[in-house]
Amino acid sequence: MKLKYIAGGFLLFLMLSAGCRPGPASLTGRHRKEPAGPKEFALVHVNVISMVPGQEPVPDATVIIKDGKIVSLNGPVPEQAMVIDGRGKWLIPGLIDMHVHIPVDGHFNTNHPTRVAAIFTNTQDIMTPFVANGVTTVFELISKAGHFGQRNEILRGDVIGPRMALAAMINGGDGSGRIASTPSDGRQSVRLAKAEGYEFIKVYSQLDTETFKAIIDEADKQGMKVVGHIPTAFKGKTEEAFAAPFGMVAHADEFVRQTNEFTEAEAKRFAEMAKKSGTWVTPTLTCMVWIARQARSLDDVKSLPGLQYVHPLLQSKWLTANQYNRNKTPERIAYHEKVVDWNMMMVTALKDAGVPVVAGTDAGTSGVIWGYSLHDEIELLVKAGMTPREALASATRLPAAWLGIDSLTGTVEAGKYADLVLLDANPLDDINNTRKISGVFVNGRWLDKSRIEAMLADLSKRNTASKGKWEWSKRGEY
Ligand SMILES: [Zn+2]
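What you see is a predicted model, and the numbers here were worked out from it, not measured in a lab. (Residues numbered from 1 in each chain as written. Predicted model: local features only at pLDDT ≥ 70, side-chain atom pairs only at ≥ 80, totals over all residues.)

### Some points on the overall build of the protein
When helices and strands are counted, the protein shows 17 helices and 15 strands. Compactness check: the protein gives a C-alpha radius of gyration of 22 Å against a globular reference of 23 Å for 478 residues, within 12% of the reference. Dimensions of the protein along its principal axes, counting C-alpha atoms only, are 65 × 55 × 50 Å. In the protein, which comprises 478 residues, the share counted as buried stands at 47%. Across the protein, every contact between residues at least 6 apart in sequence was considered, and the portion connecting residues at least 24 apart equals 75%. (Helix = DSSP H or I, 4+ residues; strand = E, 2+ residues; numbered from the N terminus. Rg over C-alpha atoms; globule rule 2.2 N^0.38 Å. Buried ≥ 20, exposed ≤ 12 C-beta atoms within 10 Å, placed from the backbone. Contact = placed C-beta atoms within 7 Å.)

### Examining the nonpolar core
Membership of the largest hydrophobic core comes to 134 residues, with the highest contact counts inside it found for Leu91, Ala167, Ile201 and Ile215. It is helix H9 (residues 285-296) that contributes the most residues to this core, 8 residues altogether. Residues contacting Ile215, with those up to four places away along its chain left out, are Ile170, Ala180, Gly186, Val190, Ile201, Val203 and Val226. (Core = buried A, V, L, I, M, F, W, Y, C linked by C-beta atoms within 7 Å.)

### Re helix H13 (residues 330-353)
At 3.6 residues per turn, the α-helix brings residues three or four places apart onto the same side. Over its 24 residues, H13 runs 35 Å from end to end, which matches the ideal 34 Å to within 8%, given 1.5 Å per residue. Taken as a whole, H13 has its buried residues at His336, Val339, Trp342, Asn343, Met346, Val347, Ala349 and Leu350. Buried residues in H13 make contact with helix H7 (253-256), helix H8 (264-277), strand E12 (280-281), H9 and helix H14 (372-383). Gly354, located one to two residues past H13, shows a positive phi value of around 80°. (Expected span 1.5 Å × (residues − 1).)

### Description of the packing of helix H5 (residues 183-196) against helix H6 (residues 209-221)
Interaxial distance between H5 and H6 falls to 8 Å at its minimum, and their mutual angle equals 35°. The crossing of H5 and H6 is right-handed. Within the contact between the two elements, H5 uses Pro183, Asp185, Gly186, Arg187, Val190 and Arg191 and H6 uses Glu210, Thr211, Ala214, Ile215, Glu218 and Ala219. Residue classes in the contact of H5 with H6 are distributed as 5 nonpolar, 2 polar and 5 charged. (Axes fitted to C-alpha atoms, helices over the stretch in contact; angles between N-to-C directions. Left-handed = near helix turned anticlockwise from the far one by under 90°. Nonpolar A, V, L, I, M, F, W, Y, C, P; charged D, E, K, R; others polar.)

### Side note on the pairing of strand E5 (residues 90-93)
Where strand E1 (residues 40-48) lies against E5, 2 bridges are found, and the strand directions are parallel. For Asn47, the partnering residue across the bridge sits in E5 and is Trp90. (Pairing = 2+ DSSP bridges.)

### Brief notes about unusual backbone geometry
One non-glycine residue, Met51, lies in positive phi territory at about 70°. Among the structural elements, Met51 can be located in the loop between E1 and strand E2 (58-66). Located in the positive-phi region is Asn443, a residue other than glycine, with phi close to 50°. Along the chain, Asn443 turns up in the loop between strand E14 (437-442) and strand E15 (445-448).

### Observations concerning the pairing of strand E9 (residues 200-203)
Of the two faces of E9, the one lined by Phe200 and Lys202 and the one lined by Ile201 and Val203 are each fully buried. Note that strand E8 (residues 163-170) and E9 share 4 bridges and pair parallel. In the strand pairing of E9, Ile170 is matched with Val203. With respect to chirality, the unit in which E8 leads through H5 into the neighbouring parallel E9 is right-handed. Judged from the 4 bridges that link them, E9 and strand E10 (residues 225-228) form a sheet pairing that is parallel. Directly across from Val203, in E10, lies its bridge partner Gly228. With H6 bridging E9 and its parallel neighbour E10, the resulting β-α-β unit is right-handed. (Right-handed = clockwise from strand over helix to strand, strands pointing away.)

### Considerations on the packing of H9 against H13
Think of two packed helices as two axes; the pair is described by the angle between the axes and how far apart they sit. Put simply, H9 and H13 touch, their axes get as near as 9 Å, and they point 160° apart. The pairing of H9 with H13 is recorded here as roughly antiparallel in orientation. Where H9 crosses over H13, the two elements pack in a sense that is left-handed. Within the contact between the two elements, H9 uses Leu285, Met288, Val289, Ile291, Ala292, Ala295 and Arg296 and H13 uses Arg332, Ile333, His336, Glu337, Val339, Val340, Asn343 and Met344. Counted by class, the contact of H9 with H13 contains 10 nonpolar, 2 polar and 3 charged residues. (Parallel < 35°, antiparallel > 145°, perpendicular 65-115°, else oblique.)

### Some points on the environment of Trp446
Along the polypeptide, Trp446 turns up in strand E15. Separated by 142 residues in the primary sequence, Trp446 and Leu304 place their C-alpha atoms 27 Å from one another. Not counting chain neighbours up to four residues away, the residues in contact with Trp446 comprise Gly37, Phe41, Gly439 and Phe441.

### Observations concerning H6
The end-to-end C-alpha distance of H6, which contains 13 residues, comes to 19 Å, matching closely the 18 Å that a straight helix rising 1.5 Å per residue would cover. The set of residues buried in H6 consists of Thr211, Phe212, Ala214, Ile215, Ile216, Glu218 and Ala219. Buried residues along H6 sit against E8, H5, E9 and E10. Phi turns positive, to about 70°, at Gly223, one or two residues after H6.

### What to know about the sheet that holds strand E7 (residues 135-140)
Reading across from one edge, E6-E7-E8-E9-E10-E11-E12 is the order of the 7 strands in this open sheet, with parallel pairing throughout. Every other strand in the sheet has two partners, leaving strand E6 (95-100) and E12 as the edge strands with one partner each.

### Examining the confidence of the model for the protein
Model confidence for the protein is summarised by a mean pLDDT of 91, while 92% of its residues fall at 70 or above. pLDDT under 50 marks residues 1-23. Its contacts with residues more than four places away, or in other chains, come to 28 contacts. (pLDDT = per-residue confidence, 0-100.)

### Points about the environment of Ala241
Structurally, Ala241 can be placed in the loop between E10 and strand E11 (248-249). For the pair Ala241 and Ala274, spaced 33 residues apart in the sequence, the C-alpha separation amounts to 9.9 Å.

### Details of the environment of Ala165
With respect to the secondary-structure elements, Ala165 resides in strand E8. For Ala165, a count of 30 C-beta atoms within 10 Å corresponds to the buried category. Along the primary structure Ala165 and Trp472 are separated by 307 residues, whereas in three dimensions their C-alpha atoms are 29 Å apart.

What follows is the structure in structure tokens.
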């Protein structure tokens, strides 16, 4: 508890020193250290997909970047700028993953009070897959004190990583963590989370209906948006969960759990409910696809190209203690497959009803790899009926708006932070082209393809070399 208060206090210091800015200061704050390498860039002859509503792609443009910000579009090229040739390439805003779970330092077994962590993660290694994939902002939905530390490492410029939005989770039931079983406990949990420095609240499945409503109401009073699951207790009276400002539902399948009727009529009914209450949805399509795949077999996980960049202890967990594969039955596999189809139908219903859909992956779930999975999600959104432009908006401009940082990131415009992805081909022609990354600007720091490849190769080499040291079955010894 005490550590968290210290973290909160430090955060407050950062917020004060950053002055009055729109959006949470810790999300938008500039790196305190000057970024390594050049500070001024001219990206020339590039095709810009700004993602500003109604704006067509701008061909053969010049984008000037200075001190971490976009200075101008088609303005003069400063003499000292490093020139990057964008001929034949496409520039899009940095990508945003609205549902991630990032590992932090931790322990499985502690034998005295000061031995808090026994497994230490290298923050750069955790963040490299994000930045290598053009992900420049993430939303962590089960935030811990360790995430504040990671965010500070990034803000200081010690680690190249995405902006991090942090949500504090509140659940009901009798588990551990922030548990609230009465409305007054729910309100107090929200106020404590705010005092600890969190910007957002995540609600979870076991909350009772009255506590859930109290949390939503208190979060609104505290100026905190709420994201999360629809508690099971609302089954049969789902509309009650949407009576107050429920900011965002964290999975498309949250809706089907409220009914178990996999019909289009139900999808439409839920979409209307969300529309009426102004609730947005993160469908996390890729997560359910991977759960269904792993229920059938672990072969696809084993052959994932991104697996080599996952911490070896997690690789061991995913392959030797996989909860989706271990508990498989033909019925369960069939159920997962039905949910995959339902989720796609739900996205169509949400789109038709005019509910904003944002891209989130649940990265950190087995098979769902940080950074790589966001491209899978964007592809699935197109398969579910979105246009490539709509799918891109769901991973750039829209999530920035939901997080309250859209005046600073989410589009390619002068005055915004230089969170940018340079692609070798047009993603509006084929959405899979978001994977053809030529380079990434992370808060104004330029990573070209060779730099990205070197970072990944180094990470893979070290992970592979230390594989023997990490076995999930022996975690109690760490
Ligand atoms: Zn999640």
